[in-house]
Structures are given as structure tokens and as C-alpha cells.
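A look at the structure
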Amino acid sequence: MKSFTSRRARAIMVAIAAGSLALTGCSENTGSTGGDKGESQEKAKEQSQGVAYLDEKASAGPAAEVTGAKPGGTVTVYQESALSHMDPGQIYVSDAGQFANLVFRGLTNFQEDGKGGVSVVGDLATDSGKASDDNKTWTFTLKDGIKDQNGKEITSADVRHSVERLYAEFIFDGPTFLQTWLSGPDYRKALPDGGFGKKHLPDSVLETPDDKTIVFHFDTPRPDLPMTLAMPGYSVVPEESDTKEKYDTAPVATGPYKIAEFKAGKTLKLVKNENWDAKTDPVRHQYLDGFNFEFGITESTQTKRLISDQGEAKNAIQFTGGVDATQIQDVISDPAVNKRTIKGYQPYVMTLTFNLDRVKNKAVRDAITYAVNSKSLIAGEGGAYGGDVAPNLFAPTLPGYDAKYDPYGRLKTPAGNIEKAKELLKDVPASEKKVVFAYANSEAGQKRKVAIEDALGKVGIDVVSKEIDAASYYEQIGKLDNPYDIYISGWGQDWPSPSTVVTPVYDGDQVADGSPNYSHINDPKVQELIKKALGEQPEQASKTWEEAHKYILEEVNPGAPLWYTKQFQLYGSNIGGARYSTESSYLDVTQLFLKS
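To keep things clear, this report deals only with the structure shown in the data block. (Residues numbered from 1 in each chain as written. Predicted model: local features only at pLDDT ≥ 70, side-chain atom pairs only at ≥ 80, totals over all residues. Heavy atoms only, no water.)

**Looking at the overall build of the protein**
For clarity, the threshold we go by: Starting at the N terminus, helices and strands are each numbered in turn, a helix being any DSSP run of H or I of at least four residues and a strand any DSSP run of E of at least two. Buried, partly exposed and exposed residues are distinguished by accessible area as a fraction of the type maximum, computed with a 1.4 Å probe on protein chains only: under 20%, between the cut-offs, and over 50%, respectively. Charged residues are defined here as Lys and Arg on the positive side and Asp and Glu on the negative side; His and the ends of the chain fall outside this count. Lys charges are placed at NZ, Arg charges at CZ, Asp charges at CG and Glu charges at CD.
Counting its secondary structure elements, the protein contains 17 helices and 23 strands. Its C-alpha atoms give the protein principal-axis dimensions of about 70 × 55 × 40 Å. Counting across all 596 residues of the protein, residues that qualify as buried make up 62%. Charged side chains in the protein number 66 positive and 82 negative. The centres of these two groups are separated by 3 Å.

**A short note on the side chain of Thr303**
This is how it is decided: Contacts are assigned to residue pairs with any non-hydrogen atoms lying within 4.5 Å of each other.
Considering the arrangement of structural elements, one finds Thr303 in helix α7 (residues 299–308). Taking the relative accessible area as the measure of exposure, Thr303 reaches 1% and is therefore buried. Those residues in contact with Thr303, other than ones at most four positions away along the chain, are Gln318, Gly322, Val323, Asp324, Gln327, Val331 and Leu570.

**Concerning the pattern of salt bridges**
Selection criterion: Within this document, salt bridges are pairs made up of a side-chain nitrogen of Lys or Arg and a carboxyl oxygen of Asp or Glu, the two lying within 4 Å of each other.
Counted by the stated rule, this structure contains 29 salt bridges. Salt-bridge contacts for Lys272 lead to Asp289; the nearest nitrogen and oxygen are separated by 3.8 Å. You can see Lys272 sitting in strand β13 (residues 267–272) and its partner Asp289 sitting in the loop between β13 and β14 (290–295), a full 17 residues away along the chain. With a relative accessible area of 28%, Lys272 lands in the partly exposed category. Among the residues examined, Asp289 registers a relative accessible area of 37% and is labelled partly exposed.

**A closer look at the environment of Arg105**
Condition: Any pair of N or O atoms that falls within 3.5 Å is considered a polar contact. Within protein, one atom must be able to donate a hydrogen and the other to accept it, and sequence-neighbouring residues count only if both atoms are side-chain atoms.
Counting through the fold element by element, Arg105 comes out in the loop between α3 (94–103) and β6 (108–112). According to the relative accessible area criterion, Arg105 is buried, its value standing at 1%. Between the C-alpha atoms of Arg105 and Ala63, which are 42 residues apart in sequence, the distance is 14 Å. At 2.9 Å, the side chain of Arg105 forms a polar contact with the backbone oxygen of Thr280.

**Points about the packing of aromatic side chains**
Counted only if it meets this: Stacked, edge-to-face and tilted labels apply to pairs of Phe, Tyr and Trp rings (six-membered ring for Trp) whose centres lie within 6.5 Å, assigned for plane angles under 30 degrees, over 60, and everything in between, in that order. Only when the NZ of Lys or the CZ of Arg is both within 6 Å of the ring centre and within 35 degrees of the ring normal is a charge said to sit over the ring.
All chains considered together, the criterion is met by 20 aromatic pairs. Measuring from ring centre to ring centre gives 6.4 Å for Tyr53 and Trp138, while their planes differ by 70°; the resulting arrangement is edge-to-face. With Tyr53 in the loop between β4 (50–51) and α2 (56–59) and Trp138 in strand β9 (residues 137–141), this residue pair connects regions lying 85 residues apart in the sequence. The exposure class of Trp138 is buried, given its relative accessible area of 3%. What links up through ring pairs into an aromatic cluster is the set Tyr53, Trp138, Phe140, Phe177, Trp181, Phe216 and Phe218. Residue placement shows Arg165 over the ring face of Tyr247; its charged tip is 5.4 Å from the ring centre. Seen from the ring of Tyr439, Lys449 lies directly overhead, with NZ or CZ sitting 5.8 Å from the centre.

**Quick notes on the sheet that holds strand β8 (residues 130–132)**
Formally: Two strands qualify as a pair provided that DSSP identifies no fewer than 2 bridges between them. Interaxial angle, 0 to 180 degrees, is taken between N-to-C directions of lines fitted to C-alpha atoms, where a helix line uses only the stretch in contact.
Taken together, four strands build an open sheet; the order of strands is β8-β9-β11-β10 and the sheet is antiparallel. A single partner strand is all that each edge strand has here, and the edge strands are β8 and β10 (206–210). In this sheet, adjacent strand axes meet at a mean angle of 20° when their direction is disregarded. Here three bridges tie β10 to strand β11 (residues 213–217), and the two strands are oriented antiparallel to one another. The residue of β11 that forms the bridge with Glu207 is Val215.

Structural data, given as C-alpha cells:
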């Protein structure tokens, strides 16, 4: 996934049917506090269980009823930053991913059992996909009678269009797995106009033999495809409704809710999509009449309102924000409030990323890595409730995670190794000791700014801080010609495999505007190891990914590991069906209802 203020995350598991590893990644876009003090890395390992690819019966719908659920009412959603995107093709960040769960549908989706178990089911498709030719060919059949909000039936032409539009230049901020698998790293050249003209992808790549059938053809086995297609970035965009760039502010729904009103940066109102059919949906519910989003509500204000539990706050939730760090004790010390929380270990690794086009001296990068104060940063996230010190670039939710791999001594000196940093900087020219730090204009961003300025100032580095709008934070740092030297970013694996961390974040082929390769690393050795690992069986590949990880962190150092994130969210007393979503790492918005 993309990022955690970082891009969107999920925690999925080993795909039993395909024998592959699966989780959900992205950038996290919250700045939330998180987790339970008791949530340990042992708990995180539970997010690397097996994920089954389920059959037609399991995919049929409707979703299993939520105990005690009642119809009616509207939930108020508190959110500090506006949504990063609403066009499915642009969705690769956590906030937009939550939104997508309510509004869009794709060929497949993740189904949770409420106990941490996750499976892949058919969503628009009748099942999770049928593989042939050693997983090089995948066939999906659409369910009957599925319509968009305008009453138009979804056909294979809409699915083809949804894939092809991702090749267009105006789609720059979403996942690129499917496109690169179909057409290679220079996929845009294969279809420059994104299928809006007369040219389309050849049937040898993407085939739609009739209105119900979609066939993907790959040149190498792609056993992870059902999980890839379950990402919000691959949701269906009905062809006749596509308005290209304008679609990002007025998308057409296929899920249980649709947009009734949108005031950019202020409010968003979702109401029932009357053309959504519960009998075809094995994952979502439509108990509520709708959702009213209020943007610009800081986490401290969200927390105060939800603790007080008065008026509309009784019917309110935190979306991707979390309990304000300064009010955690107020929550956990009151049993009546604490029982209105969800907690979980997230798959995000937060790093202080270096723009390698600007911070070219590795001695400076290493010095900053030693100097940063993870303890201070985590305190701003809620201390033990916000995260754990990260010694490396792989999360505890990844299979094979090595908790002892700590090349920069982060675990021994979580507050920073000032003497080591000063030693590395002693022969560095003064001109290289000045860095421009980009931070989001949110409460969490402000706390991170103070922590970074303080830590680097102690070793003689002059930090010039530049504020960025939180809603477009990842878009801004994702520009190749951005004017920043360092910025905090977070990444959660797209499924439980190192391939979904190393490839999107550290692959030189991914150096492009909108790519999560925020450091712009483009190293021949890394490229060689990525190519090698992708062609190997899982057991051998895991060793190659480990070699790549160590080379990246020790020999290149594109980003200083800071902390692993946890989730800790609060909701109103009249909210029913609240549970932690292993898939999204947030409150599961698909299960909610109002008790009265």
C-alpha cells in the first residue's frame, strides 16, 4: 500500500490457494496514535497467517449479519485532513482507502472473520479468480445484475476501461502492480491515451471475450493477483461515467454508499446507493442511511468530543485519526470510555526519508540516522500506545522479520546517538549541514517537526522546516523535483511479502512522479537483487529480499527507520458493530450501525 501519513495499509496473509504471501500495503495518511500498550510484536505476527482464495459460494453474498444490527441513522465522521483522492485509480493512501470501502467495488475483496482471519472473495466477480498456465493466466466472471449508482449494469468493458485508464498521465498516485505486470515498467508507453481513444491493450494482455468475462495474461506467474485486485486502487470505474481528471471530485459509486454532497476540505456527505444489491456483496453492509464527514477536526478535538460523548459525538467515529497522545490517560483510566476503543498493530514502518537527489553525502545521511530521536517521536504518537522503535525497514508484520537486525543501534539508543552523529559530521562542509525538512500541517506533523529540529540541532545540522498541506502531503513529496531534503513517510506492505516493500519503495524503475520511491533510490545492485528475488521460489526469494534489505539500509541508506505504528481509535457510545479491521488497520467502517 502506500503510506501512513503513510499510505494506506492492510494486514493480509499467506495466500493458501496460490502459495504466495499476502498483506496489504500503502502509505498511511493519519498521524494517529495507536495500539494497546500490551500489543506486542508477537501480536503483529498474527497478521501473517494464511489467506485463502475462496470459491463462488463464499463470494455470493450477502455479507454475514452483524449481531444486533439495526437499520437507519447517520454516522458523523471526524477527520483532520481532507481525503487525498476519491478517484479509485489515485487511491493508495489510508484515508482514501477507508472511503473506498464504502463507495467502490472491485473484482475481488478481502473478507474478515472478526478474529484476525482474512480471505479473498469475489466482489464484482463470482469468485476470487481462476488461475491456469501456472498462474500466468487469470479468468474472472462478473456476477449478474450489478449496477452502478446510475443504474447501468457493470460489464467486462467497464473492467477493461478501469485497467486501461491507469495508463493515462492523469493517474499518477495509485498502485502500479497490475500495470507493470501487464506491460512492464514503462507501461504508459503501451497505451499513452489510457484507452480513451481507439487503441486498447491487445487481447494477448487483457481479454474480454464477452460482457461477463475478463482474462488477464501475464508473462510470468502472478499468484498474488486476487489480492492485488482487492486493493482500492483497482476498483471499477464505469466507462460512460469517466470524466478523467474531474472524476477525482465526483466519482460514481458501485458500493453501498454514494456521494450526495462534497465541499472540498470542509464536508462530505454519503447517502445510500439505491442500486447497490446486498445479495451480490459478501463483504459490506448498508445498515446506515449515510455518513457525514467533517474535515479540519484535529485529533485533540476529536478525542475531547468522543470522550465527552455528548450530542452528535454519540454517533461519531474517528476515520484514520486516533486518540490524541495527551489524552490517552483520560481514555484508558475511564472504563466506560476505554471500552469504546479499537486497538491493533499496524504494518507501517515510519522513516525519515532522504531525497537522494539532494542529500548525496552518505556521511550526512548516516549521521542523521544516528541522531534522530525515535523515543521523542513515538511520545508524540502516544508513547507505548503509538508505536515501537524501528531498528530496520521491515515491519514485524512481515514474514521472516528479524527483530535483532539493528545496524544503526536504534534499540540501544532510541533517543539518538549524538556522539556518533557528531563524529560522522566532523569533516562535512557547513553547506551540507543544512537540510530542508517537509512536514504536514497537522497536529501530528507539528509534533514531528519539533522532534526532528531538536534532534538534528543537537548534532549541528541546520533544519529549515517547510509546511505542506496534509491532504496533499504524499503528492508533494512524491514529486521528483520537490524542493525538500528530508521528510517523514510511512509504508505498509501491500501483502505479507518483502516484494511489496522493496519493489514499490526502493526499485529504481519506480522513480517517477507519484511513485512511493520517495528517496529516488536507483542502485544497480538493488535492481539486480529485486530481479533475482522476483524470479525465485518463496523460500529462496526470502533470502534475497533479506540481502537487498541489508544492502539498502547499510550501503545506500535512503531513509532512517523511526518507528512501527500501532492503532488506537475512539468512537461514540451509540456506534454498533465497531471492530478493528486487520485488512485496513483502522475501524472497520463496513460493519457499523447505530444502536438507537
